[in-house]
Amino acid sequence: SYCGATAAANVHNAYCKKYFINPKTIANRYFDDINPGVRYDTLVRGLNDLFQNQGRDCVDGYWYRTNPKDDLHFINILYRQLNSKKGYWKNPKTKKTISPAIVLINRTPKTTSLHFVTVVGIEGYTPSAPNSRNSKTCKITINEWGNQSKITCSSFAKLASQVDSPRLLRWMDDYHVFIYR
């Protein structure tokens, strides 16, 4: 699967001035490991190598992984990252710079179907009103496989909190967020 390389191509296009890159062309070069997918440490290393190889075409920074302790911390981290004004993507409606993040989710908690998605937007959430994360108007916008969709903040936080399910993955933490600083 190419979900790690797809997420990498998405964020590359947000933080670097270069042309669009195809996930298949970077998958084996930057994101190859022995797993069926991409380990989170391979993703971080590959992102940093990919961005360093682009030289001055990318905004200065580095990739790292963080593990928020709960859904409030998770939503706050996404909100801060998306509004950090780093990068080249602009929201067509607001004209504000969008600074996307990558999140590891588990769509089907009884299996090990882990999946990287690119978070490109949040709406209806206010950090000064933390319970707004549970409102149906709080929505996260994600890009994956060439599609863009919206999901409620609470539903998305639940998918991100199930990374350590089932027992096979108990060694993993919940909430894997990949941020460019």
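Because the structure is a prediction, the values reported are computed rather than measured. (Residues numbered from 1 in each chain as written. Predicted model: local features only at pLDDT ≥ 70, side-chain atom pairs only at ≥ 80, totals over all residues. Heavy atoms only, no water.)

## Observations concerning the sheet that holds strand β4 (residues 101-106)
Link 1 in the chain: Pairing is antiparallel across the open sheet formed by six strands, whose spatial order is β1-β8-β4-β5-β6-β7. Of all the strands in the sheet, just β1 (63-66) and β7 (147-152) have a single pairing partner and so form its edges. Averaged over all pairs of adjacent strands, the angle between strand axes in this sheet comes to 35°, irrespective of strand direction.
Link 2 in the chain: Strand direction decides the pairing type here: β4 and strand β8 (residues 176-180), joined by three bridges, are antiparallel. Each residue of the ladder has a partner; that of V103, found in β8, is V177.
Link 3 in the chain: Each of β1, β4, β5 (114-123) and β8 is contacted by helix α3 (residues 40-53), which is oriented at about 160° to β1, the strand it contacts most.
Link 4 in the chain: Relative to the sheet, helix α5 (residues 153-161) contacts β4, β5, β6 (139-144) and β7, its axis offset from that of β7 by approximately 100°. (Pairing = 2+ DSSP bridges. Helix = DSSP H or I, 4+ residues; strand = E, 2+ residues; numbered from the N terminus. Axes fitted to C-alpha atoms, helices over the stretch in contact; angles between N-to-C directions. Contact = heavy atoms within 4.5 Å.)

## Considering the side chain of N106
Link 1 in the chain: With respect to the helices, strands and loops of the structure, N106 is situated in strand β4.
Link 2 in the chain: The buried category is assigned to N106, whose relative accessible area is 0%.
Link 3 in the chain: Here the side chain of N106 touches Q162 through a polar contact of 3.1 Å, landing on its backbone oxygen. (Buried < 20%, exposed > 50% of the residue type's maximum accessible area, 1.4 Å probe, protein only. Polar contact = N/O pair within 3.5 Å; in protein donor to acceptor, adjacent residues only side chain to side chain.)

## What to know about the confidence of the model for the protein
Link 1 in the chain: When pLDDT is averaged along the protein, the result is 89, and 92% of the positions lie at 70 or above.
Link 2 in the chain: Ranking the elements of the protein by mean pLDDT puts strand β2 (residues 89-90) last with 86 and helix α4 (residues 71-82) first with 97. (pLDDT = per-residue confidence, 0-100.)

## What about the state of the cysteines?
Link 1 in the chain: For the coordinates displayed, the defined rule picks out two disulfides.
Link 2 in the chain: Between the sulfur atoms of C16 and its disulfide partner C58 the distance amounts to 1.9 Å. Given an S-S torsion of about 95°, the disulfide between C16 and C58 has right-handed geometry. With C16 in the loop between α1 (3-15) and α2 (23-30) and C58 in the loop between α3 and β1, this residue pair connects regions lying 42 residues apart in the sequence.
Link 3 in the chain: Here C16 falls in the buried class, since its relative accessible area comes to 2%.
Link 4 in the chain: With its sulfur 2.0 Å from that of its partner, C138 forms a disulfide with C153. The S-S bond linking C138 to C153 shows a torsion near -80°; that makes this disulfide left-handed. Of this pair, C138 sits in the loop between β5 and β6 while C153 sits in helix α5, placing them 15 residues apart in sequence.
Link 5 in the chain: Across the protein, the disulfide pattern expressed with sequentially numbered bonded cysteines is 1-2, 3-4.
Link 6 in the chain: C16 provides the cysteine sulfur closest to C3, a residue in no disulfide bond, and the two sulfurs are 20 Å apart. (Disulfide = S-S within 2.5 Å.)

## Focus: unusual backbone geometry
Link 1 in the chain: Of note in the backbone geometry, K85 takes a positive phi value of approximately 60° without being a glycine.
Link 2 in the chain: Classification of K85 by relative accessible area gives exposed; the value is 63%.
Link 3 in the chain: Phi at Y175 is positive, roughly 55°, even though this residue is not glycine.

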